[in-house]
Amino acid sequence: MQTAGVPMVLFAAGAYRLALEARFVTGMADTPTAHRRVEASALLFQAPCSAPPVYWLTLSDAQGVWQLGVHQPVTLRSLAASELYPLPPLLLARRIHPALCGIAFEPPESRLLLDASKLWMHTHQGPA
Amino acid sequence: MTVSDHGALTLDQALNEYDAATGVVDVEEPSQQLVLFRLAGQRFALPGSAVKEIISHDQPVYFVPGLPASTEGVLHLRGHIESVILPHALLGLAPPTAPASGMILLVAAAGIRSGVRIEQLDDVCDVPHSLLKAPPETLSESLRPFVSALWQPEEGAAAALLEPEALFDAYQQGLG
């Protein structure tokens, strides 16, 4: 039986591997253009990455368009639903950023799953 | 009982003298299974009913960024994902100096299941309730909310029996 998949945009933020649901990503550019923009490392881990973002993913919310600075590789791939796990309750309670919602295993590594709808709402940061 | 002139018994007499009840321990005394382990060199215990599994130290734990230092990460166990926490900070103990290398206790309490990294597994044993004593007044402030009883074995230091519900609740509240 074929497992259903979720189209995801896979990217890196510093040393960490992340994924966003592809339907929330409307574009990608190598230079930032939106007034609202933020680096993924600073947003998610409160730790600005030493290297500047290589790409800027374009997302939108009720306030309009904004951009998320990420590192390569950036790829579009469908991840099997059976391989996506919600974050366990103790970690949900203690996560720094509410967008961190799950994890996928790609042994020997893992990939953090992000809820795109909660990414910007947590930050009060101005333009990067 | 008839004793011969030399004070000896016959075999029949000896066998008839056997009292089946002699030396039998009262097995009806209520007891509790404890999983005994060490953290920062101190002895602790968790109720056996709460420890669902003892996981080998070589089970891979995946680091998850964006969480406090008391979170070691997650493990992928037979198609399930479990958090792994380090209880040291919660219990006011010194943080481990070396990378985690002890076993992981998979603990279920208050509707939550999580791995708890320990430094050394000592024993799994049944302890009569009568041997579990109330925590002393001298117990540290940091341990007091989490210790329900103290057990002093015949040998070695006393073990503090932890309440897993209190541990998980405090962790969720942002302590540790």
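In this text, all values refer to a predicted model and were calculated from it rather than measured experimentally. (Residues numbered from 1 in each chain as written. Chains lettered and ligands numbered in written order. Predicted model: local features only at pLDDT ≥ 70, side-chain atom pairs only at ≥ 80, totals over all residues. Heavy atoms only, no water.)

Colleague: How do you make sense of the overall build of chain B when you look at a structure like this?
Modeller: Within chain B, the secondary structure is distributed over 2 helices and 11 strands. Computed over C-alpha atoms, the radius of gyration of chain B comes to 23 Å, more than 25% over the 16 Å expected from 2.2 N^0.38 for 176 residues, which places it beyond the range of a compact globule. Dimensions of chain B along its principal axes, counting C-alpha atoms only, are 85 × 40 × 30 Å. Burial statistics for chain B: of 176 residues in total, 40% are counted as buried. Accessible area for chain B stands at about 9600 Å²; split by element, carbon and sulfur atoms hold 53% of it. The average position of the 8 basic charges and that of the 22 acidic charges among the side chains of chain B differ by 12 Å. (Helix = DSSP H or I, 4+ residues; strand = E, 2+ residues; numbered from the N terminus. Rg over C-alpha atoms; globule rule 2.2 N^0.38 Å. Buried < 20%, exposed > 50% of the residue type's maximum accessible area, 1.4 Å probe, protein only. Areas by Shrake-Rupley, 256 points an atom, 1.4 Å probe, with all protein chains shown as cover. Lys, Arg positive; Asp, Glu negative; His and termini not counted. Charge placed at Lys NZ, Arg CZ, Asp CG, Glu CD.)

Colleague: Can you walk me through the pattern of salt bridges in this structure?
Modeller: Where charged atoms of side chains with opposite charge meet at close range, the side chains can pair. Under the defined criterion, the tally for this structure stands at 12 salt bridges over all chains. In this structure, the salt-bridge partner of Glu72 of chain B is Arg117 of chain B, at a minimum N-O distance of 2.6 Å. A residue pair is termed long-range when its members are at least 10 positions apart, and Glu72 of chain B in strand E4 (residues 71-77) and Arg117 of chain B in strand E7 (residues 112-117) qualify at 45 residues. A salt bridge links Glu82 of chain B to Arg113 of chain B; the nearest nitrogen and oxygen atoms lie 2.7 Å apart. Here Glu82 of chain B, found in strand E5 (residues 80-85), pairs with Arg113 of chain B, found in strand E7; they are 31 residues apart in sequence, far enough to count as distant. On the accessibility criterion, Glu82 of chain B (4% relative accessible area) is buried. Three or more residues joined by partner-sharing salt bridges are found here, namely Arg17, Arg77, Glu106, Glu109 and Arg111 of chain A. (Salt bridge = Lys/Arg side-chain N within 4 Å of Asp/Glu carboxyl O.)

Colleague: How should I be thinking about the sheet that holds E4 of chain B in this particular structure?
Modeller: Either a parallel or an antiparallel arrangement is found when strands of a sheet pair, and the pairing is made through backbone hydrogen bonds. Residues and elements named next belong to chain B. Overall, mixed pairing links the 5 strands, which are arranged E3-E6-E7-E5-E4 in an open sheet. Each edge of the sheet is formed by a strand with only one pairing partner; in this case those strands are strand E3 (51-55) and E4. On average, adjacent strands in this sheet sit at an angle of 30° to one another, irrespective of strand direction. Here 6 bridges tie E4 to E5, and the two strands are oriented antiparallel to one another. Across the sheet, the residue bridging to Gly73 is Val84, located in E5. (Pairing = 2+ DSSP bridges. Axes fitted to C-alpha atoms, helices over the stretch in contact; angles between N-to-C directions.)

Colleague: What's the story with the nonpolar core in this structure? I'm lost.
Modeller: All names here are of chain A. Residues Phe11, Leu20, Leu57, Leu68 and Leu119 are the most contacted members of the largest nonpolar core, which totals 34 residues. Only strand E1 (5-13), strand E2 (16-21), helix H1 (40-45), strand E5 (55-61), strand E6 (64-80), strand E8 (100-106) and strand E9 (109-114) provide two or more residues apiece to this core. Among the elements that take part in this core, H1 stands out by supplying 4 residues, more than any other. Not counting chain neighbours up to four residues away, the residues in contact with Leu119 comprise Leu20, Leu43, Leu44, Leu59, Trp66, Leu68, His97, Ala99 and Leu114. (Core = buried A, V, L, I, M, F, W, Y, C linked by side-chain atoms within 4.5 Å. Contact = heavy atoms within 4.5 Å.)

Colleague: Got a minute to help me understand the interface of chain B and chain A in this structure?
Modeller: The accessible area lost on association of the parts is a frequent measure of interface size. With 25 residues of chain B at the interface, the matching set in chain A holds 21 residues. When the buried surface of chain B facing chain A is broken down by residue, Tyr62, Pro65 and Ile81 of chain B rank first, second and third, together holding 30% of it. Here chain B and chain A share 0 salt bridges between them. On inspection of chain B and its partner chain A, the count reaches 6 residue pairs in polar contact (both at pLDDT 80 or more). Only E4, E5, E7 and helix H2 (164-172) of chain B provide two or more residues apiece to the side of chain B that touches chain A. Among the residues making up the side of chain B that touches chain A, the classes are represented as 13 nonpolar, 11 polar and 1 charged. (Buried area = accessible area lost by both parts, 1.4 Å probe. Polar contact = N/O pair within 3.5 Å; in protein donor to acceptor, adjacent residues only side chain to side chain. Nonpolar A, V, L, I, M, F, W, Y, C, P; charged D, E, K, R; others polar.)

Colleague: Would you mind going over the packing of aromatic side chains with me for this structure?
Modeller: By convention here, two paired aromatic rings are described through the distance between centres and the angle between planes. Residues and elements named next belong to chain A. Applying the stated rule across the entire model yields 6 aromatic pairs over all chains. Seen in terms of ring centroids, Tyr16 and Phe45 are 5.0 Å apart; in terms of plane orientation they differ by 75°. Their pairing is edge-to-face. Within this pair, whereas Tyr16 is found in strand E2, its partner Phe45 is found in helix H1, the two being separated by 29 residues in sequence. Assessed through its relative accessible area of 30%, Tyr16 is described here as partly exposed. (Phe/Tyr/Trp six-rings, centres within 6.5 Å; stacked < 30°, edge-to-face > 60°.)

Colleague: Where do I start with the sheet that holds strand E11 (residues 159-162) of chain B in this structure?
Modeller: The strand order across the open sheet built from 6 strands is E8-E1-E2-E11-E10-E9 (chain B), with neighbouring strands paired in mixed fashion. Of all strands in the sheet, those bounded by a partner on one side alone are strand E8 (120-128) and strand E9 (132-133) of chain B.

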